[in-house]
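If you want the building blocks of each chain, they are given just below.
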Amino acid sequence: MKLDVIKLDAGKAGEIELADDIFGLEPRADILHRVVRWQRAKAQAGTHSVLGKSDVSYSTKKIYKQKGTGGARHGSKKAPIFRHGGVYKGPTPRSHAHDLPKKFRALGLKHALSAKAKAGNLVVLDVAELAEAKTKLLAKAAKELGWKKVLVIDGAEVNQNFLVASRNIEGLDILPSMGANVYDILRRETLVITKAGVEALEARLK
C-alpha cells in the first residue's frame, strides 16, 4: 500500500510504499486484546498486601478457658473472625506477568499498525526534527495538522529538540521504533511514523 509523506509544515514530501504484511492485515480484535492484556499485566505493581494471622500484633494468651463458657473454642484474638484479626488468604505481593510468545507479540504489533492504517489514522512524516527545542513551534504545527491525541514513532533515536518540545504538549508523545507497542498505539487517536520509523519497524517485524 502507498501513503503520502508529509512534512511538519503540512507540505508533501513524496510517497512511501508500506509492506502489506505489516500495514495491510485485516485487524483481529482477539489478537490485540491478548497482547494488551499481557502488557498491562506485566506493568502491574503487584505490591498489594494485607496482614495475616501471624502478622497482626496481639497477645498470644488464650482469650478464655477452653470449656465451660458455652462459647466456641478459641486460642487467639488474631483469628480472622475477630476485630483487628488477621485476614484469611488475603492478597500478597506477587508478579501478575504471564508468558506470551515473541512471535505472537510481533503479530499483535502488526495488527495494531494495520488497524490504524485501515481506519485512516496513520500518518507518515518525513522527519520529526526541530531546529530549536521550542514547544510553541511544535504545538502550532500539531494544531495545523489537526493532531490531538497522537503518538509519534521515530527511528532508532529520537531527535532531542523534538523530544524536549513535545514534553509540555498534552496528548502528544514520541517513542523510538524499539519502544513501539500495541497498547500505546491503540490508546492514541492518530499514529504518526517517520520514514526512519517505517524502515526500522519493517526491519524489526520481517
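Everything here concerns the structure above.
From a predicted model like this one, the values you see are computed outputs, not experimental measurements.

Caption draft 1: Here's a closer look at the nonpolar core. Of all hydrophobic cores here, the largest spans 29 residues; its most connected members are Leu113, Ile153, Ile185, Leu191 and Ile193. Looking at this core, the elements with two or more residues in it are α1 (20-23), α2 (29-43), α3 (102-118), β3 (122-125), β4 (150-153), α6 (182-186), β6 (190-194) and α7 (195-205). Not counting the four nearest positions on each side in its chain, isoleucine 193 is found in contact with Phe23, Leu113, Leu122, Val123, Val124, Leu125, Ile153, Val198 and Leu201. Grouped together as the second largest cluster of nonpolar side chains are 18 residues, Leu125, Leu138, Val150 and Leu172 included.

Caption draft 2: The arrangement of helix α4 (residues 135-145) in detail. Residues of α4 that are buried include every one of Leu138, Ala141 and Ala142, and no others. When α4 is viewed along its axis, its buried side chains cluster within an angular range of 100° and face the same direction. For α4, exposure combined with an orientation more than 90 degrees from the buried face picks out Lys136, Lys140, Lys143 and Glu144. In this structure, the buried side of α4 is in contact with α5 (160-166) and β5 (172-175). Directly beyond the C-terminal end of α4, a positive phi value near 80° is found at glycine 146.

Caption draft 3: Structural detail: the environment of alanine 117. Assignment of secondary structure puts alanine 117 in helix α3. Of the residues examined, alanine 117 reaches a relative accessible area of 15% and is grouped as buried. C-alpha separation for the pair alanine 117 and methionine 1, spaced 116 residues apart in sequence, amounts to 9.6 Å. Ignoring any residue separated from it by four or fewer positions in sequence, one finds alanine 117 in contact with Met1, Phe23 and Leu122.

Caption draft 4: Molecular detail of the environment of serine 166. As for its position among the elements, serine 166 is in helix α5. Judged by its relative accessible area of 4%, serine 166 is buried. For the pair serine 166 and glycine 71, spaced 95 residues apart in the sequence, the C-alpha separation amounts to 68 Å. Residues contacting serine 166, with those up to four places away along its chain left out, are Leu138, Leu172 and Ile174.

Caption draft 5: Seen up close, the sheet that holds β5. Pairing is mixed across the open sheet formed by six strands, whose spatial order is β2-β1-β3-β6-β4-β5. The open sheet terminates on both sides in strands that have one partner only, identified here as β2 (12-17) and β5. Across the sheet, the axes of successive neighbouring strands diverge by a mean angle of 30°, strand direction being ignored. Bridge analysis of strand β1 (residues 2-6) against β3 gives two bridges, and the strand direction is parallel. Following the sheet pairing, isoleucine 6 is matched in β3 by leucine 125.

Caption draft 6: How the structure looks around the layout of surface pockets. In this structure, the largest pocket spans a volume of roughly 380 Å³. Contributing elements (two or more residues each) for the lining of the largest pocket: α2, α3 and α7. Ranked by residues supplied to the lining of the largest pocket, first place goes to α3 with five residues. For the lining of the largest pocket, the class distribution of residues is seven nonpolar, two polar and six charged.

Caption draft 7: Here's a closer look at the pairing of β1. As paired elements, β1 and β2 share four bridges and run antiparallel to each other. Following the sheet pairing, isoleucine 6 is matched in β2 by lysine 12. Between β1 and β2, which pair antiparallel and follow one another directly, the connecting turn spans five residues, one of which, alanine 10, has a positive phi of 75°.

Rules used throughout
Residues numbered from 1 in each chain as written. Predicted model: local features only at pLDDT ≥ 70, side-chain atom pairs only at ≥ 80, totals over all residues. Heavy atoms only, no water. Core = buried A, V, L, I, M, F, W, Y, C linked by side-chain atoms within 4.5 Å. Buried < 20%, exposed > 50% of the residue type's maximum accessible area, 1.4 Å probe, protein only. Helix = DSSP H or I, 4+ residues; strand = E, 2+ residues; numbered from the N terminus. Contact = heavy atoms within 4.5 Å. Arc of directions from axis to C-beta. Pairing = 2+ DSSP bridges. Axes fitted to C-alpha atoms, helices over the stretch in contact; angles between N-to-C directions. 1 Å grid on protein atoms, 1.4 Å probe; cavity = no way out; pocket = protein on both sides within 12 Å on 5 of 7 lines; lining within 4 Å. Points joined across faces, edges and corners; volume = space filled by probe spheres on them. Nonpolar A, V, L, I, M, F, W, Y, C, P; charged D, E, K, R; others polar.

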